[in-house]
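Residue-level structure breakdown
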Amino acid sequence: PDRIGWLTEEKFLKELWHHKPLSDFWQISTGTINRLAKYGITDMYGIAHCSEDILYNEFGVNAELLIDHSWGRETCLMSDIKNYKPKGSKSFSNSQILPCAYKYEDAKTIVKEMIQDGCYRLAREGVVTSHIHLFLGYQDDRENPTKGGVRLNVSTNLFSIIGKNADELFEKIVDKNRMIRQIAYTFSELQPEGMEQYDLFTDYNAINKEKKLVKSILNIQDRYGKNSLLKGLDLNEKATQRERNNMIGGHRANGKN
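A brief look at the structure comes next. (Residues numbered from 1 in each chain as written. Predicted model: local features only at pLDDT ≥ 70, side-chain atom pairs only at ≥ 80, totals over all residues. Heavy atoms only, no water.)

Taking 1.5 Å of rise per residue, 22 residues should cover 32 Å, and helix 7 (residues 104-125) covers 31 Å from first to last C-alpha, within 8% of that figure. The element helix 7 is extensively covered by neighbouring structure, given that 16 of its 22 residues are classed as buried. (Helix = DSSP H or I, 4+ residues; strand = E, 2+ residues; numbered from the N terminus. Expected span 1.5 Å × (residues − 1). Buried < 20%, exposed > 50% of the residue type's maximum accessible area, 1.4 Å probe, protein only.)

With that settled, the discussion passes to helix 4 (residues 52-59). Buried within helix 4 we find Leu55, Glu58 and Phe59. What you see down the axis of helix 4 is that its buried residues fit within an arc of 75°, all on one side. Opposite the buried face of helix 4, by more than 90 degrees, sit the exposed residues Asp53 and Asn57. Summarising the contacts, the buried residues of helix 4 are in contact with helix 2 (30-37), helix 3 (44-48) and helix 5 (62-70). Within two residues after helix 4, glycine 60 carries a phi angle of roughly 65°, on the positive side. (Arc of directions from axis to C-beta. Contact = heavy atoms within 4.5 Å.)

Packing of helix 4 against helix 5 brings their axes to within 8 Å, and their N-to-C directions diverge by 130°. Classed by the angle they form, the pair helix 4 and helix 5 counts as oblique. Where helix 4 crosses over helix 5, the handedness of that crossing is right-handed. Residues Glu52, Leu55, Tyr56 and Phe59 of helix 4 touch helix 5, and the partners they reach there are Asn62, Ala63, Glu64, Leu66 and Ile67. (Axes fitted to C-alpha atoms, helices over the stretch in contact; angles between N-to-C directions. Parallel < 35°, antiparallel > 145°, perpendicular 65-115°, else oblique. Left-handed = near helix turned anticlockwise from the far one by under 90°.)

Before going further, it helps to examine the side chain of asparagine 157. With respect to the secondary-structure elements, asparagine 157 resides in the loop between strand 3 (146-156) and helix 8 (159-173). Owing to a relative accessible area of 4%, asparagine 157 belongs among the buried residues under this scheme. Within the structure, the side chain of asparagine 157 is placed 3.2 Å from the backbone oxygen of valine 127, a separation counted as a polar contact. A polar side-chain atom of asparagine 157 sits 3.0 Å from a polar atom in the side chain of glutamate 193. Ignoring anything within four residues of it in the chain, the contact list for asparagine 157 reads Cys119, Leu122, Ala123, Val127, Val128, Ile162 and Glu193. (Polar contact = N/O pair within 3.5 Å; in protein donor to acceptor, adjacent residues only side chain to side chain.)

Below, the discussion takes up the nonpolar core. Counting residues in each nonpolar core, the largest one holds 33 residues, and the members touching the most others are Ile115, Ile162, Phe170, Ile180, Ile183 and Phe187. Only strand 1 (91-102), helix 7, strand 2 (127-138), strand 3, helix 8 and strand 4 (180-188) provide two or more residues apiece to this core. Looking at which element gives the most residues to this core, the answer is helix 7, with eight residues. Setting aside residues up to four positions removed in sequence, phenylalanine 187 forms contacts with Lys90, Ser91, Phe92, Ile115, Gly118, Cys119, Leu122, Thr129, His131, Ile132 and Ile162. Ile28, Leu36, Ile47 and Leu55 belong to the second-largest nonpolar core, a separate cluster that totals 16 residues. (Core = buried A, V, L, I, M, F, W, Y, C linked by side-chain atoms within 4.5 Å.)

Rendered as C-alpha cells:
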C-alpha cells in the first residue's frame, strides 16, 4: 500500500535466485546473458555457484559486481550516496511536474519556493552561482515550452538576490495565457563560497545578516526536519514545498498524502 518494497539478501536468495530471464535484473545486458550462456548459466543461482576464475576470465574486474549481484549484495550504503559529491560538478538542477495545471499566479509561487529551496542547497553545499536558467512546460503543448537564462552581476547563494533575478526571468519568459504543468531550474557556474562576489552598491551589513539567518534556518531544519520552519509562501493552497520536503528522490516517503 505504501509503494515501498523491501529486498534483503535472504529474500533475494529465496525468491530471485532462480528467476528467469536474467534480463529482468538491473545491469544484466543481452551481451552478458549470451556470455553466461556459454557456461550453461541462465539464472543468478548459476552465477553464484560458478567458478570465480571463469567469471573473472570472462568479465575481468566487472565480475566482482556480477558476483555480488548474484548473492543479493549491495556494497553501496545510503551514507555513501548522501556523501557523494560529483567531481568537477559545475551546476545542479531541480524540476517538478505539478499535480495539476497551474495558472500564472500559482506557478509563480512554485518558482519562488523552488528557488528558495535551491538557495538553501547552495548554502548547505558551500557554493555560489552566477547563472540561473528556467524552464516552463505547458499543459496544452509540452513540445513547445518556454525557457531562458540570466547571468547575475554577482556570485552568491542568497535568495534576496537570486530570487529577484529568477522572478524577473520568470516574468520575461512565461506565457500568462497558458496553463503551466512543469517547472525546472538550473544553477550553473558554481564556485566555492569563498569565491562569492558582489558589486559596489552592495549593503554588506544586510548580506551578513541574511547569511546568519540562513545558517540558523538550516541548523533548525537539519535538526528537526525541513518542515519545522517554513515561510508563509509555503502555506499557500497551491504551494508544493511542504509535500516535497517529505519526498525521497521525488517520491513520497510514505503512502499518505
